[in-house]
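Read off the chains here:
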6 protein chains.
Amino acid sequence: MRRKKTMTKVIYVINPNSLAAVTQRLDQALEAMRSPNGPLIRCITLEDGPPGVQTQQDVDRAAYLVGAQIVACEQEARSQGDVAAAFVLACFSDSGLFHARERTRAPVFGIAESGFLTAMSRGLKVGVISILSSSIPRHLRYFASMMVTGRLAGDLAIGMGVEALESNAGACERLVETGRQLIEKHGADVLLLGCAGMTPFREPLERELAVPVVDPTIAAVAMALGTI
Amino acid sequence: MRRKKTMTKVIYVINPNSLAAVTQRLDQALEAMRSPNGPLIRCITLEDGPPGVQTQQDVDRAAYLVGAQIVACEQEARSQGDVAAAFVLACFSDSGLFHARERTRAPVFGIAESGFLTAMSRGLKVGVISILSSSIPRHLRYFASMMVTGRLAGDLAIGMGVEALESNAGACERLVETGRQLIEKHGADVLLLGCAGMTPFREPLERELAVPVVDPTIAAVAMALGTI
Amino acid sequence: MRRKKTMTKVIYVINPNSLAAVTQRLDQALEAMRSPNGPLIRCITLEDGPPGVQTQQDVDRAAYLVGAQIVACEQEARSQGDVAAAFVLACFSDSGLFHARERTRAPVFGIAESGFLTAMSRGLKVGVISILSSSIPRHLRYFASMMVTGRLAGDLAIGMGVEALESNAGACERLVETGRQLIEKHGADVLLLGCAGMTPFREPLERELAVPVVDPTIAAVAMALGTI
Amino acid sequence: MRRKKTMTKVIYVINPNSLAAVTQRLDQALEAMRSPNGPLIRCITLEDGPPGVQTQQDVDRAAYLVGAQIVACEQEARSQGDVAAAFVLACFSDSGLFHARERTRAPVFGIAESGFLTAMSRGLKVGVISILSSSIPRHLRYFASMMVTGRLAGDLAIGMGVEALESNAGACERLVETGRQLIEKHGADVLLLGCAGMTPFREPLERELAVPVVDPTIAAVAMALGTI
Amino acid sequence: MRRKKTMTKVIYVINPNSLAAVTQRLDQALEAMRSPNGPLIRCITLEDGPPGVQTQQDVDRAAYLVGAQIVACEQEARSQGDVAAAFVLACFSDSGLFHARERTRAPVFGIAESGFLTAMSRGLKVGVISILSSSIPRHLRYFASMMVTGRLAGDLAIGMGVEALESNAGACERLVETGRQLIEKHGADVLLLGCAGMTPFREPLERELAVPVVDPTIAAVAMALGTI
Amino acid sequence: MRRKKTMTKVIYVINPNSLAAVTQRLDQALEAMRSPNGPLIRCITLEDGPPGVQTQQDVDRAAYLVGAQIVACEQEARSQGDVAAAFVLACFSDSGLFHARERTRAPVFGIAESGFLTAMSRGLKVGVISILSSSIPRHLRYFASMMVTGRLAGDLAIGMGVEALESNAGACERLVETGRQLIEKHGADVLLLGCAGMTPFREPLERELAVPVVDPTIAAVAMALGTI
């Protein structure tokens, strides 16, 4: 009982691709969610994961591997006298969400799910800005499985890879353009960023387009904090 | 620019009934959501509101009055060099949610909406535990307006007023019984407390019934924190 | 028993704004619904209501006030030996519909609800012609709460205030243009006038556009007559 | 133009079975809907129709034959200097509704459609009381085609033929029992009579069960009156 | 028992119009579905059917007549020592599907139903290519009655009669053009041919448009084979 | 061109678990679907798959591995001068369906999808008989992703492992009992076997319960045959 009080609670944010640089950016993006008396927020790389989650093959590979990662995180926490209080899967395909939930009793949040649900509290019709058009049918099936299709304005891709997104000076323009199309042609009154790596663009987009813009990772971590 | 940095952000949690004691309990229930470097969380009583929000008349009265309260909160914040960063309407009828959103540019969260959306991230079928059966058709219309009816397992009332809830030793038993019915007969795999005043029962219910139990006020404040 | 036979039945049509001129036009528009042996149809102004119901604040104010009006109408009827047999709320936001239903045992009809339901019997896809675009999200939430979104072709605003509607020679052209867009771009095969004050335009629109055009106030009064 | 003024408008109510006695009872049931300055309401027997519409074969036979009947009614009206202003198909299978609409420019109302829509204005969840359980899948498909399934509480049969309904002293008890089951077990808060021949039972049921009870023929004629 | 082994199973494909030439083409189109040890596939003309099923009147006439045809087929089979193992109604309005099911215990497949369901296994959003635009509301009501509207991308007509379809050299171009519009503007990723007579165009369309193209008659016969 | 004629078309039926005995039974169950002039039907074991697909971990593992299997099958076919004309994934979780579709241009059928769609052509409300109750939420999410939830009567587990199913004399009784509950309490009018290994029970169940019973593997192979 006494030990319980001093155990540190940890929210594990799992980057399901193998790129440590992506995990590092994730870590920085979540800095604002940390507080002195709040839980630790640890960002983890799925080391044997795919180098990026773009195809269905990547999704299914990450989904399978994430289970062992969940178990490893719980063990790590325990070995340090901490407790894995919640998990966030930081990939917009929510790769392995139900596998993860099967492997731990702690709550697990997928960023697509948390992001969409949070967007539903900020507007009536959610416009999703995706990276690649090939992911859109997967998103649509997923939103349907959540039974929230009625709240989707549309899902449009910027047609720009994750790398291009990070380096390319034109990324923000492309995001604004896509967001504007979702608003003007599809009736979106709230936008959802369809990728874990778009956090830095949230504020400029919101300012430019004058509708709420939801970052899915922030949304998932906020929901995770609410369970602690 | 300099001034912006020192402005304190405030989340206003508005209790839409006139009972200061209710507001006080709300304030205590939210203690765990506060952090040294986080926003202030101020609980406010809608002083000319109804003594409780039970009938549709109460809902519509609170809905009308909440607009002026929003404006008053923003003025109070400004007068103290703070900023009203978000609002939470702490009544499960989300009384005045759209009126409030019309009166401020800050995000406004209704606890029924936030609670239901958060429950959707913890299970497939949401069981709602309400206070009075007369509120249930109103809830059903509201969930329909959110287009989430497909995710509702059922909405059952404990048939016990707010006061009884607080004083009565039998309240927890009644909540457990109602929760169990939602799980066993209606297929709920997550429960949502349908009242701002049930926070103290969340943990015992979760322990007893072995499914996630979502407190709507905590859920709304967590979502509000995610926007800051 | 004898007394019952001689009691006059009254359908109260409540204009939830404070403008007597609007009530008067309503009264004229309903002339065709009156018959020698039918119920009285009395049009009433919500005197302390907003001067027009355009914002959510107006909606919530009218919603709150309409309850007392219902009670007052019932008393008026009783004091004259009549009976308030049904109520119609003549504002396309159906402001206070559920409050009103809580205050009387007589049936209460909202014109948006009655209008949409009636339109559903005249075509597959309903196109709604609204006054202001700011009301459209409110309409969409309301149609969703009615679970009839699947039957909505679209909701477009003429972007012309109620006053402009009445005075402006261009109103009919604007209505025809908006109706045509709903038919040609959104697939509407029936149109619903989204305002209590568009009655005079129903016939010209129907003639011009060759699809049924439903006036919501007429629809609601017809439904009210069906209960008597 | 002068002639138009003196033309009498007629609402044709077509009984799609061949039993003149049924038509006669229909005629009596609609007496209250007539008014001195209103349209004529003429009840017509589909003479070569099936002796009752119970099987799908009956439905499809009536559906086919109703087209010629529509044309015949229009000719009859014209030959007498009247105008067929609206049609009501008085069979709860809405047999031939779309065929009829194809044959005339006057509005055509099916009693199942009008009845269900009207019930939607009187409660949230509609309980349908049918004659035979074999019709229920047909009703369910029809309500689905109307996209109103979300508003259906349930559809239960009294398991009693039309004839039994008319002669049997136990019919009212059976109706009350079925209605009570719809309310208590299926959550109905409004009942819809699923047959053109149940009109005499509407009032006793409403009194006994304390929820609105909608007669579909009255509902359809009221909607028809609203178009004139 | 011995007799059962030697009974030939027959799938009856009923062409609900009276044109023997159409039945003959149907027969040829199904040649590829026949196999030495499989059931017989017999194509039958509904001799007193309409010369084509285009209007609702045609649909209702065919629906009524199909019942007797089902009975006649079963008798024919029995008289030859065969058994009517399944029925396919080869008209995209699924005219008489429920009537037919009432008349036989053998499974009955409608080509619109089977085609749409099969298309749902080949893509997320089904684009339907119809003959005439006047049939589209009927299709939409039917897809709604199947509760599959969420999977419909759109239904567009080529605006060309059945005869034109067969003779006209421009038919394929028109089909490609309509299919392309369904894909590019409506988001279809699978196409469904909305007519029993488009079989010869399936392969060229699939090749040209690079999405799966489903022929509804083939789909229905495949489903029928699956029951044998 | 000549070579094309002599290429044998193969339908690969992949058993996504590692048990060759299961594959063998599958092979026998599909014997009736083979015909002299039809395609080959080859049943394949996913050799490094899980020993059974019961948990989400199993599902995600099989989903990941199935991609390589698809590629291997295509190579095998090519190396023998054949062509992989279609694939069937013979596990009711449709494990890896979208991964497989990404890896081949041939059509891929999942037995849950094909089974449910086929059941929709045999009745209005589909009752699913599952093996384990822990799979039911997964099924519900999947049916929702297919947007066919409106057609689901219920999904009940027999609570008996695959092995027990095969050896246990009581399996048929348990299936009948579960099927009866789906029919009588949940309103199912067609049953779908929720497992690839229940084929031998299809006929006895259909005979006993007097509603159509759909075997999902047969349904998928029939759909596959329809594409060839």
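Report follows, based on the coordinates. (Residues numbered from 1 in each chain as written. Chains lettered and ligands numbered in written order. Predicted model: local features only at pLDDT ≥ 70, side-chain atom pairs only at ≥ 80, totals over all residues. Heavy atoms only, no water.)

## Points about the overall build of chain A
Now for step 1: Tallying secondary structure elements over chain A gives 10 helices and eight strands in all.
Now for step 2: A globule of 228 residues ought to have a C-alpha radius of gyration of about 17 Å, and chain A, at 17 Å, matches this closely.
Now for step 3: Expressed as lengths along the three principal axes of its C-alpha atoms, the size of chain A is roughly 55 × 35 × 35 Å.
Now for step 4: Put simply, chain A has 228 residues, and 60% of those count as buried.
Now for step 5: A sequence separation of at least 24 residues applies to 68% of the contacts in chain A between residues at least 6 apart.
Now for step 6: Taken as a whole, chain A presents about 8900 Å² of accessible surface, with 51% of it coming from carbon and sulfur.
Now for step 7: Averaging the coordinates of the 23 positive side-chain charges in chain A and doing the same for the 23 negative ones gives two points 8 Å apart. (Helix = DSSP H or I, 4+ residues; strand = E, 2+ residues; numbered from the N terminus. Rg over C-alpha atoms; globule rule 2.2 N^0.38 Å. Buried < 20%, exposed > 50% of the residue type's maximum accessible area, 1.4 Å probe, protein only. Contact = heavy atoms within 4.5 Å. Areas by Shrake-Rupley, 256 points an atom, 1.4 Å probe, with all protein chains shown as cover. Lys, Arg positive; Asp, Glu negative; His and termini not counted. Charge placed at Lys NZ, Arg CZ, Asp CG, Glu CD.)

## Brief notes about the relation of the copies chain A and chain B
Now for step 1: The transform that puts chain A on chain B rotates by 180 degrees and translates by 0.0 Å along the axis, for an RMSD of 0.0 Å. Both chain copies can therefore be described as sitting about a two-fold axis.
Now for step 2: Most of the interface of chain A is mirrored in chain B: 100% of its interface residues are interface residues there too. (Least-squares fit on C-alpha atoms with pLDDT ≥ 70 in both.)

## A look at the interface of chain E and chain F
Now for step 1: On the chain F side, the residues contacting the 24 residues of chain E number 24 residues.
Now for step 2: If you sort the residues of chain E by the area they bury against chain F, Ser121(E), Arg122(E) and Met147(E) come out on top, with a joint share of 23%.
Now for step 3: Scanning the region where chain E abuts chain F turns up four residue pairs in polar contact (both at pLDDT 80 or more).
Now for step 4: Of all elements in the fold, only β4 (108-110), α5 (111-120) and α10 (216-225) of chain E reach the threshold of two or more residues within the side of chain E that touches chain F.
Now for step 5: Per-element tally for the side of chain E that touches chain F: the top contributor is α5(E), with four residues.
Now for step 6: Classifying every residue of the side of chain E that touches chain F by side-chain character gives 12 nonpolar, seven polar and five charged. (Buried area = accessible area lost by both parts, 1.4 Å probe. Polar contact = N/O pair within 3.5 Å; in protein donor to acceptor, adjacent residues only side chain to side chain. Nonpolar A, V, L, I, M, F, W, Y, C, P; charged D, E, K, R; others polar.)

## Observations regarding the packing of aromatic side chains
Ring pairs (aromatic) are described by centroid distance and by the angle formed between their planes.
Now for step 1: Evaluated as defined, the whole model comprises 12 aromatic pairs over all chains.
Now for step 2: Geometrically, the ring pair formed by Tyr12(C) and Phe87(C) is stacked, given 5.7 Å between the ring centres and 20 degrees between the ring planes. A residue pair is termed long-range when its members are at least 10 positions apart, and Tyr12(C) in strand β1 (residues 9-15) and Phe87(C) in strand β3 (residues 83-89) qualify at 75 residues. The pair Tyr12(C) / Phe87(C) is uniform in exposure class, with both members buried.
Now for step 3: For the pair Phe116(D) and Phe143(D), a centre-to-centre distance of 4.6 Å together with 40 degrees between the ring planes defines the contact as tilted. Here Phe116(D), found in helix α5 (residues 111-120), pairs with Phe143(D), found in helix α6 (residues 136-145); they are 27 residues apart in sequence, far enough to count as distant. Take Phe116(D) and Phe143(D): they sit in the same class, and that class is buried.
Now for step 4: The lysine or arginine in question, Arg141(C), covers the ring of Phe98(B), its NZ or CZ lying 3.4 Å from the ring centre. (Phe/Tyr/Trp six-rings, centres within 6.5 Å; stacked < 30°, edge-to-face > 60°. Lys NZ or Arg CZ within 6 Å of the ring centre and 35° of its normal.)

## Section: the pairing of strand β2 (residues 40-45) of chain D
Residue and element names in this part refer to chain D.
Now for step 1: Most of β2 is tucked away: five of the six residues are buried.
Now for step 2: In this sheet, β2 lies alongside strand β1 (residues 9-15) in parallel orientation, the contact comprising six bridges. In the sheet register, Ile 14 faces β2, and the bridge partner there is Ile 44.
Now for step 3: The handedness of the β1 to β2 crossover, carried by helix α2 (residues 20-29), is right-handed. (Pairing = 2+ DSSP bridges. Right-handed = clockwise from strand over helix to strand, strands pointing away.)

## Considerations on the interface of chain A and chain B
Now for step 1: Across the boundary between the two partners, chain A contributes 24 residues, which contact 24 residues of chain B.
Now for step 2: Of the roughly 2100 Å² buried between chain A and chain B, counting both surfaces, carbon and sulfur atoms make up 61%.
Now for step 3: The largest per-residue losses of area from chain A upon contact with chain B belong to Ser121(A), Arg122(A) and Met147(A), which jointly make up 23% of the total buried on that side.
Now for step 4: For the pair chain A and chain B, the number of links is zero salt bridges.
Now for step 5: Counting across the interface, chain A meets chain B through five residue pairs in polar contact (both at pLDDT 80 or more).
Now for step 6: Within the residue set of the side of chain A that touches chain B, elements represented by two or more residues are β4 (108-110), α5 (111-120) and α10 (216-226) of chain A. (Salt bridge = Lys/Arg side-chain N within 4 Å of Asp/Glu carboxyl O.)

## Regarding the arrangement of the chains
Now for step 1: Across all C-alpha pairs, the smallest distance from chain B to chain E is 14 Å, and the two are not in contact.
Now for step 2: There is a gap between chain C and chain F: no contact, and a shortest C-alpha distance of 14 Å.

## Some points on the sheet that holds strand β4 (residues 108-110) of chain B
Residue and element names in this part refer to chain B.
Now for step 1: Read from one edge of the open sheet, four strands run β2-β1-β3-β4, paired in parallel fashion. Looking at which strands have only one partner, the edges of the open sheet turn out to be β2 (40-45) and β4. Direction aside, the axes of adjacent strands within the sheet are offset by 25 degrees on average.
Now for step 2: The sheet contact formed by strand β1 (residues 9-15) and strand β3 (residues 83-89) spans six bridges and is parallel. Directly across from Lys 9, in β3, lies its bridge partner Val 83.
Now for step 3: Relative to the sheet, helix α2 (residues 20-29) contacts β1 and β2, its axis offset from that of β2 by approximately 165 degrees. (Axes fitted to C-alpha atoms, helices over the stretch in contact; angles between N-to-C directions.)

## A look at the sheet that holds strand β8 (residues 213-214) of chain C
All names here are of chain C.
Now for step 1: Strand order in the open sheet formed by four strands is β6-β5-β7-β8, with parallel pairing between adjacent strands. A strand with exactly one partner marks an edge of an open sheet, and here the two such strands are β6 (152-157) and β8.
Now for step 2: Strand direction decides the pairing type here: strand β7 (residues 190-193) and β8, joined by two bridges, are parallel. Opposite Leu 192, over in β8, you have Val 214 as the bridge partner.

## As for the pattern of salt bridges
Now for step 1: In this structure the tally under the stated criterion is 47 salt bridges over all chains.
Now for step 2: Taking the shortest distance from any N to any O, the salt bridge between Arg42(F) and Glu76(F) comes out at 2.8 Å. Of the two residues, Arg42(F) is situated in strand β2 (residues 40-45) and Glu76(F) in helix α3 (residues 56-79); the sequence distance between them amounts to 34 residues.
Now for step 3: What makes Glu76(F) partly exposed here is its relative accessible area of 29%.
Now for step 4: Among the charged side chains, a salt-bridge network with shared partners connects Asp27(A), Glu31(A) and Arg34(A).

## Here's the deal with unusual backbone geometry
Working note: non-glycine residues mostly have negative phi, and peptide bonds are mostly trans.
Now for step 1: Its identity is not glycine, yet Met147(A) carries a phi of approximately 60 degrees, on the positive side.
Now for step 2: Relative to the helices and strands, Met147(A) resides in the loop between α6 (136-145) and β6 (152-157).
Now for step 3: Take Met147(A): its relative accessible area is 22%, and that puts it in the partly exposed class.
Now for step 4: Residue Asp94(E) is not a glycine yet carries a positive backbone phi of 50 degrees.

## Focus on the relation of the copies chain E and chain F
Now for step 1: With an axial shift of 0.0 Å and an RMSD of 0.0 Å, the rotation relating chain E to chain F amounts to 180 degrees.
Now for step 2: When the interface residues of chain E are mapped onto chain F, 100% of them again fall at the interface, so both copies present the same face.

## Focus on the packing of α5(E) against helix α5 (residues 111-120) of chain F
Now for step 1: Where α5(E) meets α5(F), the axes come as close as 9 Å, and the angle between the chain directions of the two elements is 165 degrees. As far as their axial angle goes, α5(F) and α5(E) are roughly antiparallel. For the element pair α5(E) and α5(F), the recorded crossing hand is right-handed. Within the contact between the two elements, α5(E) uses Glu113(E), Leu117(E) and Met120(E) and α5(F) uses Glu113(F), Leu117(F) and Met120(F). (Parallel < 35°, antiparallel > 145°, perpendicular 65-115°, else oblique. Left-handed = near helix turned anticlockwise from the far one by under 90°.)

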